[in-house]
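The lines below spell out each chain.
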Amino acid sequence: MCGIIGIISSKEVSSRIVNSLKKLEYRGYDSAGIATLVEGNINEVKCEGRVDALEKDISKFNLKGDIGIGHVRWATHGKPSKINAHPHSSEQVSVVHNGIIENSTILKKLLEKKGYVFKSQTDTEVIAHLVTDYLKKNSLKDTIIKVLKKLHGSFALGIIFKDKNDLMIGARRGSPLAVGYGPNENYLGSDSYALKSMTNKISYLDDGEFCIIKRDQIEFFQSNGIKVNKKVMNLSKEELNYDKGDYKYFMEKEIDEQPSTIKDCINEYVDKYNNQINIYNFPWNISSLKAIVLIGCGTAYHSCLVAKYWLEQNTNLDVSIDIASEFRYRKVRFKKDSLYVFVSQSGETADTYAALELCKKNKMKTCAVVNVVESSIARDADLVLPIYCGQEIGVASTKAFLGQMLVLYMLSLKISYDQKEITKKTYHSKIKNLLLLSNSAKKTLKLDHKLLKIGKVFAQAKGCMFLGRGYSFPIALEGALKLKELAYVHAEGYPAGEMKHGPLALIEEGMPVVVIAPRDEHYLKTMSNMQEVIARGAKVLLITNKNKDEIISENIWEQIEVDKLNDELIPFLTTIPLQKLAFYSALEKGYDIDKPRNLAKSVTVE
Ligand code: F6R
């Protein structure tokens, strides 16, 4: 949600800010802007739409300056427009902001009474005027401390000052913020990905901190102004080299990477020599756990749903799952012998983070299943289980979903073995099967050609349904979500057995329906449900797995068969054709696959 960049250098910065904004575009892409300081003046260029448009505008202005900030926006307060694009400036300062200032209306009224004039409908503009107001009577550092105290809500901020050409400010509460160290120049960015073309040396601000960034020095402070020291981290080779390669879209690349991300993740957790799953530093006695609560949003929530089936199947824990935005506002009865697991690719999702904080406040055991290990959720949880799938840039989550499921599956096996719910023999055989997964995923990717044709039909549909039972029900939800967000086709995921309780009324002649029916214990029942929709005119795409028996059904429009594997692992394979289906449907419509409309990666607002 919104991307921030700042550079302070002795060379001109605007082209590098634009390049970094292009990297940050996955965080927001409805408008963009830049401000640089030139001889005591702040010069701004802003536009509605993408960074490419901003770049064209900048070339007309010949924007100079060796200090500057830039922003890509995902609108919260005020529609996407040039006037609402960041940076927002007063006569003294210019500000870029990621997050939401919840008390902006009250602050705006107070500032208007003092004579400040607002140009935009954004919550951010209050920050520019508030800083200007405090600067009249306070030092810079005291101004920042006082302004941050006044702001309610979440923010990552970058601020430059008209009369200070030797520094800029970064601050965070809730929303992530990194700084980078360069040769006689330093940087500020929403993530390391935006900074990696300039440096591999990064530090992250902790929640509530701010920093003063100069060309040759960065100082960090807690919210009360006490100085703090920071660890400087080196970005790994993988992080530095991650790009689209020969692919046109990150999503396409990220789908295709799945066999190797699966392998990498398994290598991190499975000790192949002893045939066991290692989860180091597990801080609690597994056998004393009575319940597990899995919490996430969107696709991450779907991975929790699949894990519920595994955990119930393999362990003796009470399993509940929750959508983070619901969990955080419910009157939850916290239990000491429960483990609360927070699943998030970014590790920054505002609702998931708030749910974690709520559990921490109630002294619960917390575990984070995340991709970004430097993220807020990872930093604050008692135990971190990374999914090791590398940076995910496509807004629609793909390889991270498989990674989340994989870690949750391994966690379920580990718990079940430690609880003596499964025998050593079963444990070892499940691990052996797991080692086959990457190769089966590779074979599933080869079913591509069929999906290109099928995607054309789904792209034109008025609406469609995704049906499944057992493990395949959450996969149906995930398939429907992917199609909605990428191809903008109304899609519903349903438990196949629920159709006759209402949604069957939606089925009409020619409606595309995906039925996910691997040859598991639910197969025959799902086949009957499939016949019920076929009988009412549905055009069925059946996704099943290979088996010596013929498919027993007739009148199926199209069929995809994934590999035969242990039933528990089939959700990994049936997901892949659904990702491809959404991809090809969006491609057919010519949509921007990596940046679907109205969305953004890393949802740091409520
Ligand atoms: C859908 C998608 C979202 C995210 C959700 C949570 O393709 O990507 O539904 O899964 O916003 O994000 P994280 O996992 O970063 O917490």
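What counts, and where the lines are drawn
Residues numbered from 1 in each chain as written. Predicted model: local features only at pLDDT ≥ 70, side-chain atom pairs only at ≥ 80, totals over all residues. Heavy atoms only, no water. Patch = residues over 30% accessible without salt bridge, like charges linked within 9 Å, V, L, I, M, F, W, Y side chains within 5 Å. Areas by Shrake-Rupley, 256 points an atom, 1.4 Å probe, with all protein chains shown as cover. Salt bridge = Lys/Arg side-chain N within 4 Å of Asp/Glu carboxyl O. Lys, Arg positive; Asp, Glu negative; His and termini not counted. Charge placed at Lys NZ, Arg CZ, Asp CG, Glu CD. Helix = DSSP H or I, 4+ residues; strand = E, 2+ residues; numbered from the N terminus. Buried < 20%, exposed > 50% of the residue type's maximum accessible area, 1.4 Å probe, protein only. Domains from an automatic or database assignment. Contact = heavy atoms within 4.5 Å. Polar contact = N/O pair within 3.5 Å; in protein donor to acceptor, adjacent residues only side chain to side chain. Phe/Tyr/Trp six-rings, centres within 6.5 Å; stacked < 30°, edge-to-face > 60°. Lys NZ or Arg CZ within 6 Å of the ring centre and 35° of its normal. Near = heavy atom within 4 Å. Nonpolar A, V, L, I, M, F, W, Y, C, P; charged D, E, K, R; others polar. Expected span 1.5 Å × (residues − 1). Arc of directions from axis to C-beta. Pairing = 2+ DSSP bridges. Axes fitted to C-alpha atoms, helices over the stretch in contact; angles between N-to-C directions.

So, about a positive patch on the surface. The grouping of K263, K272, K442 and K446 at the surface amounts to a positive patch. Here K446 lies in the loop between α16 (437-445) and α17 (448-460). For K446, a relative accessible area of 59% translates into the label exposed.

Attention now moves to the domain arrangement of the protein chain. Here the domain parsing of the protein chain yields domain 1 (2-234), domain 2 (251-435) and domain 3 (445-592). Computed over C-alpha atoms only, the centres of domain 2 and domain 3 are separated by 26 Å. Taken residue by residue, the interface counts 26 residues in domain 2 and 23 residues in domain 3. The closest approach of N and O atoms between K430 and E568, which form a salt bridge, is 2.9 Å. Counting every contact that joins domain 2 to domain 3 gives eleven residue pairs in polar contact (both at pLDDT 80 or more). Breaking the side of domain 2 that touches domain 3 down by element, the ones donating at least two residues are α8 (250-256), α9 (258-269), α10 (298-314), α14 (399-418) and α15 (424-434).

It is worth spelling out the packing of aromatic side chains at this point. What the rule picks out here adds up to 18 aromatic pairs. Each ring, one from Y417 and one from Y427, has its centre 4.0 Å from the other, and the planes form 5°; the classification is stacked. Of this pair, Y417 sits in helix α14 while Y427 sits in helix α15; the two residues are ten residues apart in sequence, bridging distant segments of the chain. In this structure an aromatic cluster arises from ring pairing among Y309, W310, Y409, Y471 and F572. When the ring centre of F220 is taken as origin, the NZ or CZ atom of K230, which lies over that ring, is 5.8 Å away. Here R597 stacks its cationic end above the ring of Y488, 4.0 Å away from the centre of that ring.

Right, let's get into the site of the ligand. Taken together, 16 residues surround the ligand, and among them S344, Q345, S346, T349 and E485 come closest. For the ligand, an oxygen atom lies 2.9 Å from a polar atom in the side chain of K482. Alone, the ligand offers 410 Å² of accessible surface; in the complex the protein occludes 88% of this. Residue assignment for the shell around the ligand shows that the elements contributing at least two residues are α10 and α18 (472-487). Partitioned by chemical class, the residues of the shell around the ligand number six nonpolar, eight polar and two charged.

Glancing now at α9. Relative to the 16 Å expected for twelve residues at 1.5 Å per residue, α9 spans 17 Å between its end C-alpha atoms, a close match to the ideal helical length. Every buried residue of α9 is listed here: Q258, P259, T261, I262, C265, I266 and Y269. The arc that holds the buried residues of α9, viewed along the axis, is 165°, so those residues lie on one side.

This part covers the pairing of strand β7 (residues 153-161). Of all nine residues in β7, eight are buried; the element is thus mostly enclosed. Pairing geometry for β7 and strand β8 (residues 164-173), over seven bridges, is antiparallel. Note that in β8 the partner of G158 across the bridge is G170. The hairpin turn running from β7 into β8, its antiparallel successor, is two residues long.

On to the sheet that holds strand β26 (residues 539-545), then. The parallel open sheet is built from five strands, whose spatial order is β24-β23-β25-β26-β27. Where the open sheet ends on each side, the last strands, each with one partner, are β24 (490-495) and β27 (558-562). Strand-to-strand twist in this sheet, taken as the mean axis angle between neighbours without regard to direction, amounts to 15°. Bridge count for strand β23 (residues 463-468) against strand β25 (residues 512-516) is four bridges, and the pairing is parallel. Pairing of G468 across the sheet is with I516, part of β25. Lying on the sheet, α17 is in contact with β23, β25, β26 and β27; it crosses β27 at an angle near 135°.

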